[in-house]
Amino acid sequence: MDAAPSTGPASSGASVRTRVTIPLRFADGYEVTAEAVTFHGLADGEEHVALVLGDPAATPAPLVRLHSECLTGDVFGSARCDCGPQLREAVERIAERGGVLLYLRQEGRGIGLYNKLDAYALQDAGLDTYQANSALGLPEDGRDYTAAAQMLTALGIGELDLLTNNPDKAGQLRDLGVAVRFVRPTGVFATDSNVRYLHAKAQHTHHTIALPEPAGLAALAG
């Protein structure tokens, strides 16, 4: 994929900085080779990375996921969220189809690691993930996908299928001039530790997640 000319609201001079091949291996033994791509000129100045998987040029609409960094889930396997399993699933599905995973430095939906852990403490006291962010004086979801749109433009991706359960990602990309053909849902990775978190995402921000009623909420409803 070569860089496309900058056109539309997503473009502000971002360009490819480095490409390097990295063999990936996950804890369950799954292995795949990715091309890691870094960029110059991203709007937010963060060090976001694109992982090119499979052959994106083999399909008219590569499969793309915007994955927000989650140290606790992606690296340490925290069961309080579904980030680690979503990352693992996305890499394999994108590699099979051909596309790109954008790994975005947006810990805690944009509030940062320390604030995310502070929000966890408030969740332990009874708030949901969005209420906890608000109680800290922070946005429920502070993510902006302008840099993601710039990365896609720099990679020459003009049309894509988006792998997400979050309608805001598709909405923002379309507003930024990216042609999202179809939205493909991710799997649902519910655990006893994250089911309330997943319910909050479905209720507050309309994520497309089908879940059983958590025991605590069912008891209150009864």
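Residues numbered from 1 in each chain as written. Predicted model: local features only at pLDDT ≥ 70, side-chain atom pairs only at ≥ 80, totals over all residues. Heavy atoms only, no water.

1. Quick look at the overall build of the chain
Right, on to step 1. Helix and strand counts for the chain stand at 9 helices and 7 strands.
Right, on to step 2. Excluding contacts between residues fewer than 6 apart, the proportion of contacts in the chain whose partners are at least 24 apart in sequence is 62%.
Right, on to step 3. For the chain, the accessible surface area stands at approximately 10,500 Å², while carbon and sulfur atoms represent 53% of it. (Helix = DSSP H or I, 4+ residues; strand = E, 2+ residues; numbered from the N terminus. Contact = heavy atoms within 4.5 Å. Areas by Shrake-Rupley, 256 points an atom, 1.4 Å probe, with all protein chains shown as cover.)

2. Some words on the packing of aromatic side chains
Right, on to step 1. Considering all chains together, one arrives at 1 aromatic pair under this definition.
Right, on to step 2. Centroid distance F26 to Y30: 6.2 Å. Interplanar angle 40°. Geometry classified as tilted.
Right, on to step 3. On the basis of relative accessible area, F26 is assigned to the buried category, the value being 19%.
Right, on to step 4. Owing to a relative accessible area of 17%, Y30 belongs among the buried residues under this scheme.
Right, on to step 5. The ring centre of Y120 lies 4.2 Å from the NZ or CZ of R80, which sits over that ring.
Right, on to step 6. Between R88 and the ring centre of F26, over which it is positioned, the NZ or CZ distance is 5.7 Å. (Phe/Tyr/Trp six-rings, centres within 6.5 Å; stacked < 30°, edge-to-face > 60°. Buried < 20%, exposed > 50% of the residue type's maximum accessible area, 1.4 Å probe, protein only. Lys NZ or Arg CZ within 6 Å of the ring centre and 35° of its normal.)

3. Structural notes on the confidence of the model for the chain
When pLDDT drops low, the exact placement of atoms in the prediction is not to be read closely.
Right, on to step 1. The share of residues in the chain with pLDDT of 70 or more is 78%, and the mean pLDDT across the chain is 84.
Right, on to step 2. When the criterion is pLDDT under 50, residues 1-9 qualifies, and its contacts beyond four places in sequence or with other chains add up to 21 contacts.
Right, on to step 3. The low-confidence segment residues 216-222 (pLDDT under 50) makes 3 contacts with residues lying over four places distant or belonging to another chain. (pLDDT = per-residue confidence, 0-100.)

4. Details of the pattern of salt bridges
Right, on to step 1. One pass over the structure, following the stated rule, counts 12 salt bridges.
Right, on to step 2. Note that D124 is salt-bridged to R80, the shortest N-O span being 3.1 Å. A residue pair is termed long-range when its members are at least 10 positions apart, and D124 in helix α4 (residues 113-124) and R80 in the loop between α1 (71-75) and α2 (83-97) qualify at 44 residues.
Right, on to step 3. For D124, a relative accessible area of 58% gives the class exposed.
Right, on to step 4. For D161, the salt bridge identified is with R97, shortest N-O distance 2.6 Å. Note that D161 is positioned in strand β6 (residues 159-163) and R97 in helix α2, a separation of 64 residues in sequence.
Right, on to step 5. A relative accessible area of 0% places D161 in the buried class.
Right, on to step 6. Take R97: its relative accessible area is 27%, and that puts it in the partly exposed class.
Right, on to step 7. Ionic contacts of the salt-bridge type, sharing partners, join the residues R97, D161, R181 and R184 into one network. (Salt bridge = Lys/Arg side-chain N within 4 Å of Asp/Glu carboxyl O.)

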